Amino acid sequence: MGKQNHKRIPALKFILSHSSGQKRWFFLAVLLQFISVSANVLRPHIIRLALDYGIAGKELDVWDPIKPAMLRLLEPLEPIGKLAAFAVAAVVVSMLSSASTFCYRLSISWGTEQFARNLREKLFSHIQSLPFKWHSENQTGDIIQRCTSDMNVLRSFSANQMLDLTRTILMVATTLLSMLAMNIRLTLVTLFFLPIIGGYSAVFHKLIGNRFQSAEEAEGELTVVVQENLTAVRVVRAFGRERQELDKFDEKNNTYADLWLKLGSVFGVLWGLGDMVTALLVFFTVVAGSYLAAGGSLTLGEFMVFISYIHTLAWPVRAMGRTLTEVTKAGVASFRLNEILSHPPEDMREGMEKPGLDVDIRFEDVSFSYGEKEALSNLSFTIPKGKVFGILGPTGSGKSTITYLLNGLYDLEIGKGNIYFGDYEIRQISREHLRRNVGLVLQEPFLFSRSIKDNISIAKPGAQLDEIRDAAGIASIDGSINSFAKGYETLVGERGVTLSGGQKQRVAIARTILLGSPILVFDDSLSAVDLETDKKIRLAIAERAKGTTVILISHRINTLMGSDLVMTLENGKISDIGTHYELKEREGLYKRIYDLQADYSDQGGSQANE
Amino acid sequence: MNEDFLEGFDAQTTFNFKIWKKLAVYFKPYYPRIRNSILMMSLVCVIDVAFPILMKFAVDNFISAGDLSMMLPYCAGYLFLVAIQTWTTFYMTKNSMSIEMLLGKDLKRASFVHLQELGLSYYNQNAVGWLLARVMSDTERITSVIAWALTELFWSMAYIVFSLGAMMLMDWRLGAMLALLMPVLVFATSAFRRKLLVANRIERAANARITAAYNEGITGAKTSKTLVIEKDNNEQFKEYANDLYKASFRNTRSNAIFQPLITFATALSISTVLMYGGAKTLFGAMEIGTLSVFISYATATLEPIQWSVRLLANFVSTQASIERFNSLIETEPDIVDTPGVVEKYGDLFEPKKENWEPIKGKIEFRNVTFKYPDGDDIVLENFNLVVPAGKNVAIVGETGAGKSTLANLACRFYEPTEGQVLIDDVDIRERSQLWLHSQLGYVLQDPLLFSGTIEENIRFGKLDATQEEVVAAAKLVYADSVAERQEDGYQTEVGEGGSLLSTGEKQLISLARAVIADPPIIILDEATSSIDTHTEKLIQNAISTVLSERTSLVVAHRLSTIRNADFILVVSAGKIIEQGAHSSLMEQKGAYYSLYKTLEIEDSIEKQLKS
């Protein structure tokens, strides 16, 4: 809510650069605009002719090249016939104008909506393709805001204001030309006033701009007070601070209202002046027109055309200030969206090697740091193929970093060691291939708001229900799913059932197992599952997925005990590595925790040793 | 978000005066202003209708007849009208803005005050975002309609009536012909409006789905990457984006018809005037000036018709906002002090502190049976417990087992369905809520802070505390280290909801906030989130300081707190399954025993890992 980034780039350029097939719709829109503006400029002339030629019986005053044709058409007619001809012409021109306005709206919205659809798709797929690092550095709320609000600002700009400028220019130009052709002297009145109206409108928006911003900030502060009060309702109640909260609210509420009241006076002055200037323009045209008509150099019809033109001109010229504001807003939105789009996506290493990954995994002198903080320093170890490899370590010791590196969520920097899958360097392997083959189950897995079935089969669309049940069975979640009223069709997430942490973890395990990857990585992904189920899942995996390399990160000794090899990690360094039987005898982290566990078991804990 | 989008479409299509009448109390102070706005609008309208007549005068005298003798008075009259119009526009704008802001201020305040009185069960049933929208956006919608749309509606309708009247006076036949066009336009406009409403609803639903898809795509990005399902996600999103594209286009297409429709109808009426009026003029039955007035009116009357229809639709759709505002205002608080209590002890906003008895600290639950207002299960049945002054009660159990119930009852956030809660042997319903709340120390698991400085947040617990008292309270619970680490010390801004501090720091501040008033009773919901060892140690020490010498109900997670409690309640699935002192419960080797053991082992593992 605080100070926003007000950098901007030209919105028009941004929109055009992201609309490949839509430019023709925008071009067509400009063309249609021209037709409708021309028709609108033409219409008052029909009334002029009806008044001057049809009624007053003056000479037909039209553009020379079409004069003979018109005379041939109109001369034979009775006066009433002439009027009827003009009446019909007015309707026809109007139809032309209506139809072209309608088509203009259609083509611009066609272009705009297509542009919006394409840009939305582009944003979504680009965000999907951005490296994990980007995701962890940016806030979800901010990105969503950009993709929705900023997108809408841009869309509305494209549909409403983008072509306002061309329309205004077209209109002012054609109208002025038409005015000049009729009467140069009377046009001078308008020519004198137009810059005043335009300039006044620009000043207006500059004047309002700052006040507007402070009013918006005041609204933001008021919202914060209400939101905090509602969020912390228990605290307010428990301390009996309703009175004080109300005082705080009143203060912000008054400030906000006062700012707007002051704005109201400013608006009043400016709108009043705006009305006055337009009315004065009409007035001077009437007075000057009267003198000119009295002097015989202006007909009634011409006078009516002038008055009608002035009414149509005043609005778009006055709206210019607003259009400029929108241009600025759209520029900011463009910048914010461009910031996302210009970030380079993850290099998927497409076309690189796709070797079989049922091989030994070797870390060679691997170091990794997030910014300043070193997470892993000089790790060298081998995970033998087909074995279960356990990792134990305190929070922040770098366990998860190892899984992120294995899965290609983060990249090793050049010169910071290497990871080998058999004979292949990790950098030589296609990233998609790597991720498909390294099945990583996160500690806090994300479930999509779909059915449980779809969640499990999400990475393997078209999987049979049998397979899905089978995977769910291995993850020990089959029973829970069947206990839901809708079974596998149960929706999860916001609009469905809320699963417990352990249930979520197990669904995530089932989803990864279904993939049948040769390497499985459990990043503390059994933490919310009870010990019994934990064991059941591990046994099922060992039995069903023989030959799978399993990497198991856990705080629980019980979980780690069955591993072929356990590595303890402290402060990003390997503190020990060995089998359960070796480690429990050696002084160190593993033994300390093992002893605690053993104490517990001795005291009658029900967890059986394996 | 989704629901919010669909909320606006309560299928209301007719104007319902009853709904508006409910707001009369709030409108009343502004009747004079609203009346002035409407009067001014009528004046503006008369002037707007007068301008074409001035034009007629110019046409008849100056332009057709070339007689400029009346020019001076004409100019004076004209400029006079311009001046009046300028002034009325200025006044109107100011006046309408003041209605909008003052009425808005009142409505916001009324809803805020009422929200302070509503019980926690209301908050449990309504999300903060929903409530916030009631206070902020719904009130703004209502006031903007009253302040602006009402006067605009008056203007449009008056303009139609006045200009029709003027035309009828000049030539009733031509006036009637133009009047005939209007119902057609009204009908066409309203027909399209309805279609538009449907198109709009579909577009918003599609839009909500897009937002949800972005949300899922971004929050689930890590998972999507590990499962390599980005392409499938993209395909799915494309479908949604395409749906939105179609819906939006359909919506704009329905919308695009309005302007051309008006243009065309205008042309029709101008042609009618040209034909009929022109013929009359030809035969000398109508002055040419009159014809020009008719042309002006024909050009200008049709816009207001479309406006009126749109404004009316605006009024109808605002009814949904009014109903939501009303549903908030009309909800009765479920916990109310009796009139007698209010008389003696004062209410939430005007306490009578001189009559307040100090609390010694004995808490008693007598035959308490309780079920949550929004739940079906009986949580407590005939529960009895006496906590003598100065003793600690720890409540333990799994997450979500209903451990907070006793704390909620002791705080009178809820009242027992049957039975009594007594403090110092007096039923707490015989005292005011504020009396109780002002003498409680309360610490929540999620330490909610308010924007402002550290000092202000601590002072929240005792409004008249001196700076020395603030510092002393902070020192007592080791929160002084938090302030000292910051550049601005106690004057450091904590950010919205305390977002600029770490969780541990917020917990320490919230402890200081609870002890500054030296309350005889402490209600504490211990945090479970793991924080760094140093802060954890500080918090542990702080908690034991806070609990000593005070009566306390603690939802406990820390071994030290549990072990040191005088009395322990074990809760499972909303029921109390074991109770007693630590040693006797350990001997029972029941639920408490295994719970304690599990905690112990997790604790030691955690310690080992961290050391």
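Rules used in this analysis
- Residues numbered from 1 in each chain as written.
- Chains lettered and ligands numbered in written order.
- Predicted model: local features only at pLDDT ≥ 70, side-chain atom pairs only at ≥ 80, totals over all residues.
- Heavy atoms only, no water.
- Helix = DSSP H or I, 4+ residues; strand = E, 2+ residues; numbered from the N terminus.
- Rg over C-alpha atoms; globule rule 2.2 N^0.38 Å.
- Buried < 20%, exposed > 50% of the residue type's maximum accessible area, 1.4 Å probe, protein only.
- Contact = heavy atoms within 4.5 Å.
- Areas by Shrake-Rupley, 256 points an atom, 1.4 Å probe, with all protein chains shown as cover.
- Lys, Arg positive; Asp, Glu negative; His and termini not counted.
- Charge placed at Lys NZ, Arg CZ, Asp CG, Glu CD.
- Core = buried A, V, L, I, M, F, W, Y, C linked by side-chain atoms within 4.5 Å.
- Buried area = accessible area lost by both parts, 1.4 Å probe.
- Salt bridge = Lys/Arg side-chain N within 4 Å of Asp/Glu carboxyl O.
- Polar contact = N/O pair within 3.5 Å; in protein donor to acceptor, adjacent residues only side chain to side chain.
- Pairing = 2+ DSSP bridges.
- Patch = residues over 30% accessible without salt bridge, like charges linked within 9 Å, V, L, I, M, F, W, Y side chains within 5 Å.
- Phe/Tyr/Trp six-rings, centres within 6.5 Å; stacked < 30°, edge-to-face > 60°.
- Lys NZ or Arg CZ within 6 Å of the ring centre and 35° of its normal.
- Axes fitted to C-alpha atoms, helices over the stretch in contact; angles between N-to-C directions.
- Parallel < 35°, antiparallel > 145°, perpendicular 65-115°, else oblique.
- Nonpolar A, V, L, I, M, F, W, Y, C, P; charged D, E, K, R; others polar.
- pLDDT = per-residue confidence, 0-100.

**Thoughts on the overall build of chain A**
No. 1: Per the secondary structure count, chain A includes 21 helices and ten strands.
No. 2: For 610 residues, the compact-globule estimate of 2.2 N^0.38 gives 25 Å, and the C-alpha radius of gyration of chain A, at 37 Å, exceeds that figure by more than 25%.
No. 3: Dimensions along the principal axes, computed over C-alpha positions, put chain A at roughly 120 × 65 × 55 Å.
No. 4: Residues counted as buried form 53% of the 610 residues belonging to chain A.
No. 5: Relative to all contacts within chain A whose residues are 6 or more apart in sequence, the contacts with residues 24 or more apart total 75%.
No. 6: In the form shown here, chain A has an accessible surface area of approximately 26600 Å², with 56% of it arising from carbon and sulfur atoms.
No. 7: Computing the positive centroid from 66 side-chain charges and the negative centroid from 66, chain A places the two 6 Å apart.

**A look at the nonpolar core**
In summary, soluble globular proteins display a tendency toward joint burial of nonpolar side chains.
Residue and element names in this part refer to chain B.
No. 1: Grouped together as the largest cluster of nonpolar side chains are 150 residues, with contacts concentrated most on Leu115, Phe365, Ile458, Leu511, Ile523, Ile568 and Tyr592.
No. 2: For this core, the element with the highest residue contribution is helix 7 (residues 128-170), accounting for twelve residues.
No. 3: Residues contacting Leu511, with those up to four places away along its chain left out, are Val443, Val477, Leu524, Ala542, Ile543 and Val546.

**Overview of the interface of chain A and chain B**
No. 1: The interface is formed by 138 residues belonging to chain A together with 135 residues belonging to chain B.
No. 2: Interface area for chain A against chain B, summed over the two sides, is near 12700 Å², with a carbon-plus-sulfur share of 71%.
No. 3: Remark: the boundary between chain A and chain B carries six salt bridges.
No. 4: Close ionic contact of Arg109 of chain B with Asp250 of chain A constitutes a salt bridge, the shortest N to O distance being 2.8 Å.
No. 5: Linking chain A with chain B are 34 residue pairs in polar contact (both at pLDDT 80 or more), by the criterion used here.

**A short note on the sheet that holds strand 1 (residues 363-370) of chain B**
Consider a sheet: its strands pair through backbone hydrogen bonds, and that pairing is either parallel or antiparallel.
Residues and elements named next belong to chain B.
No. 1: Reading across from one edge, 2-1-4-5 is the order of the four strands in this open sheet, with antiparallel pairing throughout. For this open sheet the edge positions go to strand 2 (380-387) and strand 5 (426-427), each flanked by a neighbour on one side alone.
No. 2: When strand 4 (residues 418-423) meets strand 5, the two strands line up antiparallel, connected through two bridges. When the bridges of strand 5 are listed, Leu422 appears paired with Asp427.

**What to know about the environment of Ile363 of chain B**
All names here are of chain B.
No. 1: Here Ile363 shows up in strand 1.
No. 2: For the pair Ile363 and Gly390, spaced 27 residues apart in sequence, the C-alpha to C-alpha distance is 9.9 Å.
No. 3: Excluding its chain neighbours within four sequence positions, the residues that come into contact with Ile363 are Leu385, Val386, Val387, Leu422, Ile423, Ile521 and Thr551.

**Some details on a positive patch on the surface**
No. 1: Taken together, the side chains of Lys195, Lys246, Arg250 and Arg253 of chain B present a region of like positive charge at the surface.
No. 2: At three residues, the largest contribution of residues to the positive patch is made by helix 10 (residues 230-256) of chain B.

**What to know about the sheet that holds strand 4 (residues 418-421) of chain A**
Residue and element names in this part refer to chain A.
No. 1: Taken together, the four strands give an open sheet; going across it, the order is 2-1-4-5, and neighbouring strands pair in antiparallel fashion. Edge positions in the sheet fall to strand 2 (373-383) and strand 5 (424-425), since each has one partner strand and no second.
No. 2: With seven bridges joining them, strand 1 (residues 361-370) and strand 2 adopt antiparallel strand pairing. Each bridged residue has a counterpart across the sheet, and for Ile361 the counterpart in strand 2 is Ile383.

**Section: the packing of aromatic side chains**
No. 1: With the rule as written, the count across this model stands at 40 aromatic pairs over all chains.
No. 2: Judged by centre distance (6.3 Å) and plane angle (80°), the rings of Trp271 of chain A and Trp148 of chain B are edge-to-face. Of the two residues, Trp271 of chain A sits in helix 10 (residues 242-294) while Trp148 of chain B sits in helix 7, which places them in two different chains.
No. 3: The exposure class assigned to Trp271 of chain A is partly exposed, which follows from its relative accessible area of 32%.
No. 4: Looking at Trp148 of chain B, the relative accessible area reads 18%, which means it is buried.
No. 5: What links up through ring pairs into an aromatic cluster is the set Phe192, Phe193, Phe283 and Phe284 of chain A together with Phe51, Phe57, Phe62, Tyr74 and Tyr78 of chain B.
No. 6: A cation over an aromatic ring shows up here: Arg117 of chain A above the ring of Tyr245 of chain B, its NZ or CZ 4.3 Å from the ring centre.

**A closer look at the packing of helix 7 (residues 164-182) of chain A against helix 8 (residues 184-231) of chain A**
In helix packing, the relevant descriptors are the interaxial angle and the interaxial distance, both defined with respect to the helix axes.
Residues and elements named next belong to chain A.
No. 1: At a minimum axis distance of 7 Å, the contact between helix 7 and helix 8 shows a crossing angle of 150°. Between helix 7 and helix 8, the angle falls in the class roughly antiparallel. Contacts between helix 7 and helix 8 involve Val172, Leu176, Met179, Leu180 and Met182 from the former and Ile184, Thr187, Thr190, Leu191 and Leu194 from the latter.
No. 2: When its residues are assigned to classes, the contact of helix 7 with helix 8 shows eight nonpolar, two polar and no charged.

**Structural notes on the side chain of Asn253 of chain A**
No. 1: Looking at the element boundaries, Asn253 of chain A is found in helix 10.
No. 2: Classification of Asn253 of chain A as buried rests on a relative accessible area of 1%.
No. 3: Polar contacts involving the side chain of Asn253 of chain A include one to the main-chain carbonyl oxygen of Lys105 of chain B, which spans 3.1 Å.
No. 4: Once residues within four sequence positions are removed from consideration, Asn253 of chain A is found in contact with Leu222 of chain A together with Lys105, Lys108 and Arg109 of chain B.

**Let's talk about the side chain of Gln22 of chain A**
No. 1: As for its position among the elements, Gln22 of chain A is in the loop between helix 1 (11-17) and helix 2 (23-55).
No. 2: Gln22 of chain A has contacts with Gly111, Gln114, Phe115 and Asn118 of chain A, leaving out every residue within four places of it along the chain.

**As for the packing of helix 7 of chain B against helix 8 (residues 172-219) of chain B**
Residues and elements named next belong to chain B.
No. 1: Running from N to C, helix 7 and helix 8 point in directions that differ by 150°, and their axes come no closer than 6 Å. Here helix 7 lies roughly antiparallel to helix 8, going by the angle between them. For the pair helix 7 and helix 8, the contacting residues are Ile160, Leu164, Met167, Met168 and Met170 in the first and Trp172, Gly175, Ala176, Leu178, Ala179 and Met182 in the second.
No. 2: Of the residues that constitute the contact of helix 7 with helix 8, the class distribution is ten nonpolar, one polar and no charged.

**Things to note about a negative patch on the surface**
Residues and elements named next belong to chain B.
No. 1: Taken together, Glu456, Glu487, Asp488 and Glu493 make up a surface patch of like negative charges.
No. 2: Here Glu487 is to be found in the loop between helix 18 (480-485) and helix 19 (503-515).
No. 3: The class for Glu487 is exposed, based on a relative accessible area of 81%.

**Observations concerning a nonpolar patch on the surface**
Residues and elements named next belong to chain A.
No. 1: Taken together, the side chains of Leu177, Leu180, Ile184, Leu188 and Leu191 present a nonpolar region at the surface, about 460 Å² in accessible area.
No. 2: When contributions to the nonpolar patch are tallied by element, the ones reaching two or more residues are helix 7 and helix 8.
No. 3: Per-element tally for the nonpolar patch: the top contributor is helix 8, with three residues.
No. 4: With relative accessibility at 55%, the residue Ile184 sits in the exposed group.

**Remarks on unusual backbone geometry**
Trans is the common state for peptide bonds, and a negative phi is the common state for residues other than glycine.
No. 1: Even without being glycine, Arg349 of chain A reaches a positive phi, approximately 50°.
No. 2: Inspection of the secondary structure puts Arg349 of chain A in the loop between helix 11 (300-341) and strand 1.
No. 3: The residue Val228 of chain B is not glycine, and still its phi comes out positive at about 50°.
No. 4: As for its placement among the helices and strands, Val228 of chain B is situated in the loop between helix 9 (221-227) and helix 10.

**A closer look at the environment of Ser499 of chain B**
No. 1: Inspection of the secondary structure assignment puts Ser499 of chain B in the loop between helix 18 and helix 19.
No. 2: Ser499 of chain B sits 51 residues away from Leu448 of chain B along the chain, and the two C-alpha atoms are 9.6 Å apart.

**Focus on the confidence of the model for chain A**
Residues and elements named next belong to chain A.
No. 1: Mean pLDDT over chain A: 87, with 96% of residues reaching 70 or higher.
No. 2: Averaged pLDDT values over the elements of chain A bottom out at 73 in helix 21 (residues 589-602) and peak at 94 in strand 4.
No. 3: Counting contacts from residues 1-5, a segment whose pLDDT is below 50, to residues more than four positions away or on other chains yields six contacts.
No. 4: Counted against residues more than four places away or in other chains, residues 602-610, with its pLDDT under 50, gives 13 contacts.

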